[in-house]
Amino acid sequence: MTDLLDIDVVGAAEKGAPLTIKHPGTGKPTDIVIHVLGFDSEAVQSAERAEYKRLMSEEKDADASAQLESVRLAKVKASIVSVENLTHDGKEINTATDLFPFLEMPIGLAIV
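All values derive from a computational prediction rather than experimental measurement.

(A) Just helix α3 (residues 64-79), in detail. Taking 1.5 Å of rise per residue, 16 residues should cover 22 Å, and α3 covers 23 Å from first to last C-alpha, within 8% of that figure. Those residues of α3 that fall on the buried side of the exposure criterion are Ser70, Val71, Leu73, Ala74, Lys75, Val76 and Ser79. The inward-facing, buried residues of α3 contact β2 (29-36), α2 (42-56), β3 (80-84) and α4 (96-103).

(B) View of the nonpolar core. By size, the foremost hydrophobic cluster in this structure holds 13 residues, and its most contacted members are Ile34, Ile80, Val83, Leu86, Ile93, Leu99 and Leu103. Elements that contribute at least two residues to this core include exactly β2, α3, β3 and α4. Among the elements that line this core, the one with the most residues is α4, at 4 residues. The residues touching leucine 86, leaving out its near neighbours within four places in the chain, are Ile32, Lys91, Glu92, Ile93 and Leu99.

(C) Spatial organisation of the packing of aromatic side chains. Scanning the model with the defined rule gives 0 aromatic pairs in all. Cation over ring: lysine 77 sits above phenylalanine 100, and NZ or CZ is 5.5 Å from the ring centre.

(D) Representation of the packing of α2 against α3. Axis separation between α2 and α3 bottoms out at 8 Å; the angle between their running directions is 150 degrees. Accordingly, the angle class assigned to the pair α2 and α3 is roughly antiparallel. α3 is crossed by α2, and the crossing has right-handed handedness. In this structure, α2 uses Ala43, Val44, Ala47, Glu48, Glu51, Tyr52, Arg54 and Leu55 to contact α3, whose residues at the interface are Gln67, Leu68, Ser70, Val71, Ala74, Lys75, Ala78 and Ser79. Here the residues of the contact of α2 with α3 sort into 9 nonpolar, 3 polar and 4 charged.

(E) The arrangement of the pattern of salt bridges in detail. Scanning all chains against the criterion turns up 4 salt bridges. The closest approach of N and O atoms between lysine 75 and glutamate 48, which form a salt bridge, is 3.7 Å. Of the two residues, lysine 75 is situated in helix α3 and glutamate 48 in helix α2; the sequence distance between them amounts to 27 residues. Exposure remark for lysine 75: the relative accessible area of 15% places this residue in the buried category. Glutamate 69 is paired through a salt bridge with arginine 72; the nearest N and O atoms lie 2.5 Å apart. Placement of the pair is glutamate 69 and arginine 72 together in helix α3, with a separation of 3 residues, close to one helical turn.

Rules and cut-offs
- Residue numbers here run from 1 along each chain, matching the order of that chain's written sequence.
- In keeping with the predicted nature of the model, local features appear solely for residues at pLDDT of at least 70, side-chain atom pairs appear and are counted solely at 80 or more, and the whole-chain, interface and lining totals rest on all residues.
- The side-chain quantities take in all heavy atoms of the structure and omit both hydrogens and water.
- Strands are runs of DSSP state E lasting at least two residues, helices are runs of H or I lasting at least four, and both sets are numbered from the N terminus onward.
- Expected span, for any helix, means 1.5 Å times one less than how many residues it has.
- The cut-offs for exposure are 20% and 50% of the maximum accessible area for each residue type, with area from a 1.4 Å probe on protein chains only; residues under the lower value are buried, those over the upper are exposed, and the others partly exposed.
- Only heavy atoms matter for contacts: two residues are in contact if any of them lie within 4.5 Å across the pair.
- Definition of nonpolar core: a set of buried residues of the types Ala, Val, Leu, Ile, Met, Phe, Trp, Tyr and Cys, connected through side-chain atoms within 4.5 Å.
- Within 6.5 Å between ring centres, the rings of Phe, Tyr and Trp (the latter by its six-membered ring) count as paired, and their orientation is classed by plane angle as stacked under 30 degrees, edge-to-face over 60, tilted in between.
- Should the NZ of a Lys or the CZ of an Arg lie within 6 Å of a ring centre and within 35 degrees of the ring normal, that charge is described as sitting over the ring.
- For every element, the axis is a line fit to its C-alpha atoms; helices are fit only across the contacting stretch, and the angle between N-to-C directions ranges from 0 to 180 degrees.
- The scheme is simple: roughly parallel for angles under 35 degrees, roughly antiparallel for over 145, roughly perpendicular for 65 to 115, oblique for anything else.
- Take the far helix as the reference: if the near one is turned anticlockwise from it by less than a right angle, the crossing is left-handed, and if turned clockwise, right-handed.
- Amino acids are sorted into nonpolar (Ala, Val, Leu, Ile, Met, Phe, Trp, Tyr, Cys and Pro), charged (Asp, Glu, Lys and Arg) and polar (every other residue, Gly among them).
- Salt bridge criterion: a side-chain nitrogen from Lys or Arg within 4 Å of a carboxyl oxygen from Asp or Glu.

As far as function goes, none of this settles anything; it's purely spatial.
What follows is the structure, encoded as structure tokens:
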């Protein structure tokens, strides 16, 4: 049995981990690997703070649900380090920046 005090959550968050994507229809692992930082990493926490700051400067009557979604998406984007074995229309997707446009598409929302 593992004691929670023996787990270095922040250290693990900064190191990150490979995330193997499963096929949504079969549940079987694909060869797509996205290397991600944990949500407790400084990069992700910083992105979250920046997004909240941006939202606080916006109109006060903005849609709260949309605002929460924008914070979640900012955290996801900040967590992505690299991408392996993924293409779209013949073009390789290797970096987080390459992947960003797809995160806001319906298939991307299913991934995150």
